[in-house]
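Architecture and fold: a report
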Amino acid sequence: MPTIVENVKAVQASLKEKLAQIGREADEVLVVAVTKTHPVEMIESALRAGIKHFGENKVQEARRKLPFISEPYEGFHYIGRLQTNKINALLELEPVLIHSIDSMDLAWNLNKRCEARGRVQDILVQVNTTDEQSKSGCEPEETIELVQQISILPNLRVKGLMTIGLMSDTTEGMRPSFRLLKELFDELKAREDAGYEMRWLSMGMSGDYLTAIEEGANIVRLGSVLFGERDYGGMK
Ligand SMILES: *Cc1c(COP(=O)(O)O)cnc(C)c1O
């Protein structure tokens, strides 16, 4: 079985090759290693292999693991659904970026708690780029207005957009999702004002990150391609 170090090297090489092929800069893309379900030792291995950012999708799990990570890192990302009653616990972990803000209600609650802590929090707005009702994310048609509304909140800074996209068997199946998110990103960028900045386009996971790169992603969130399959211990 390949080691985490080998996986990190392989991902870096494939990103470099893809970026060169499409004429983008090699250092444009941030890899967020998705460490959910994996123990602290594996996070530390990835950090030693050159990963600088990692992400978790459950507040409780992040709280259990983060205090024990002994390797330095640049950023902890929160990429999962956020419940209002977990916001304070999350803020204690000082996430560099929260990828998953998808309603004004959630933004308002987060802003209030950031204000109480004197913290200004960078966030992404998560968009549901598929027709699946079960998916998190705001509707594409609501995105521009939601970004503009959130940008009025003094303790949040909108830094871009995120999507999970359509779970597809083929990487080509994901392309319409990615293209839609990029269109929204560009439209927002064209209207960019002091209130928000379209800096990050977070899309692409293990199965489709090279497609996402072709469509303009500059954050890819990678789990299994770095760490192998996840073991949920029978409870998904
Ligand atoms: C689990 C997860 C990922 C990583 O998934 P892989 O397919 O293992 O790369 C990326 N983004 C989010 C939001 C996730 O929950």
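Residues numbered from 1 in each chain as written. Predicted model: local features only at pLDDT ≥ 70, side-chain atom pairs only at ≥ 80, totals over all residues. Heavy atoms only, no water.

What about the site of the ligand?
As a reminder of what qualifies: To be near a molecule or strand, a residue needs just one of its heavy atoms within 4 Å of it. Distance and chemistry together define a polar contact, namely a pair of N or O atoms within 3.5 Å, with one atom able to donate a hydrogen and the other to accept it when in protein, and with adjacent residues in sequence counting only for side-chain atoms on both sides. For the accessible areas, the method is Shrake-Rupley and the probe is 1.4 Å, while residue cover comes only from the protein chains on display. Each residue is assigned to one class: nonpolar for Ala, Val, Leu, Ile, Met, Phe, Trp, Tyr, Cys and Pro, charged for Asp, Glu, Lys and Arg, and polar for all the others, Gly among them.
Taken together, the residues surrounding the ligand are Val34, Lys36, Asn57, Ile79, Ile164, Met205, Ser206, Arg221, Leu222, Gly223, Ser224 and Arg230. Interatomic distance of 2.5 Å between a side-chain N/O atom of serine 206 and an oxygen atom of the ligand. Separating an oxygen atom of the ligand from a side-chain N or O atom of arginine 230 is a distance of 2.7 Å. Considering the ligand on its own, with 390 Å² of exposed area, one finds that the protein chains cover 90% of that surface. Tallied by class, residues from the shell around the ligand come to five nonpolar, four polar and three charged.

Details of the packing of aromatic side chains
For any pair of aromatic rings, geometry is given as the distance between the ring centres together with the angle between the planes. Formally: Between 30 and 60 degrees the pair is tilted, below 30 it is stacked and above 60 it is edge-to-face, where a pair is any two Phe, Tyr or Trp rings, Trp via its six-membered ring, whose centres lie within 6.5 Å. To qualify as a helix, a DSSP run of H or I must reach at least 4 residues; to qualify as a strand, a run of E must reach at least 2; elements of each kind are numbered from the N terminus. Each residue gets one of three labels from its accessible area relative to the maximum for its type: buried under 20%, exposed over 50%, partly exposed in between, using a 1.4 Å probe on protein chains only.
Going through the model one piece at a time under the given rule, you end up with two aromatic pairs. Each ring, one from phenylalanine 54 and one from tyrosine 73, has its centre 4.9 Å from the other, and the planes form 85°; the classification is edge-to-face. One end of the pair, phenylalanine 54, is in strand β2 (residues 53–56); the other, tyrosine 73, is in the loop between α3 (59–65) and β3 (75–78), and 19 residues separate them in sequence. Judged by relative accessible area, tyrosine 73 falls into the partly exposed class, the value being 32%. Look at phenylalanine 54 and phenylalanine 76: their rings are 5.7 Å apart centre to centre, the planes differ by 45°, and that puts the pair in the tilted class. Residue phenylalanine 54 is located in strand β2, and its partner phenylalanine 76 is located in strand β3; the two are separated by 22 residues in the primary sequence. In this pair, the class of phenylalanine 54 matches that of phenylalanine 76, namely buried.

A look at the nonpolar core
Keep this limit in mind: Among buried residues, the Ala, Val, Leu, Ile, Met, Phe, Trp, Tyr and Cys ones that are joined through side-chain atoms within 4.5 Å form a nonpolar core.
Core analysis: the biggest nonpolar cluster contains 63 residues, and Ile101, Leu110, Ile123, Val125, Ile150 and Leu161 have the highest contact counts within it. Examining the composition of this core, we find that six residues originate from one element, helix α7 (residues 171–190), more than from any other. The next biggest cluster of nonpolar side chains, apart from the first, holds seven residues, and it includes Val32, Leu124, Met162 and Trp200.

A few points about the pairing of strand β8 (residues 219–222)
Defined as follows: Two strands qualify as a pair provided DSSP detects at least 2 bridges between them.
Side chains of β8 alternate between two faces, with Ile219 and Arg221 and Val220 and Leu222 buried alike. Looking at chain direction, strand β1 (residues 30–34) and β8 are connected through four bridges and run parallel. Note that in β8 the partner of valine 32 across the bridge is arginine 221.

Digging into the packing of helix α6 (residues 143–150) against α7
The line we're drawing: Angular values range over 0 to 180 degrees, each being the angle between N-to-C directions of two axes fitted as lines to C-alpha atoms, with helices fitted over their stretch in contact. Any angle from 65 to 115 degrees is called roughly perpendicular, while one under 35 is roughly parallel, one over 145 is roughly antiparallel, and all others are oblique. By convention the crossing between two helices is left-handed if the near helix lies anticlockwise of the far one by an angle smaller than a right angle, and right-handed if it lies clockwise. Two residues form a contact once any of their heavy atoms are found within 4.5 Å.
One way to put it is that α6 packs onto α7 with a least axis distance of 10 Å and a crossing angle of 45°. Classed by the angle they form, the pair α6 and α7 counts as oblique. Note that α6 runs across α7; the crossing there is right-handed. From α6, Thr143, Ile144 and Val147 reach across to α7, where they touch Leu184, Glu187 and Leu188.

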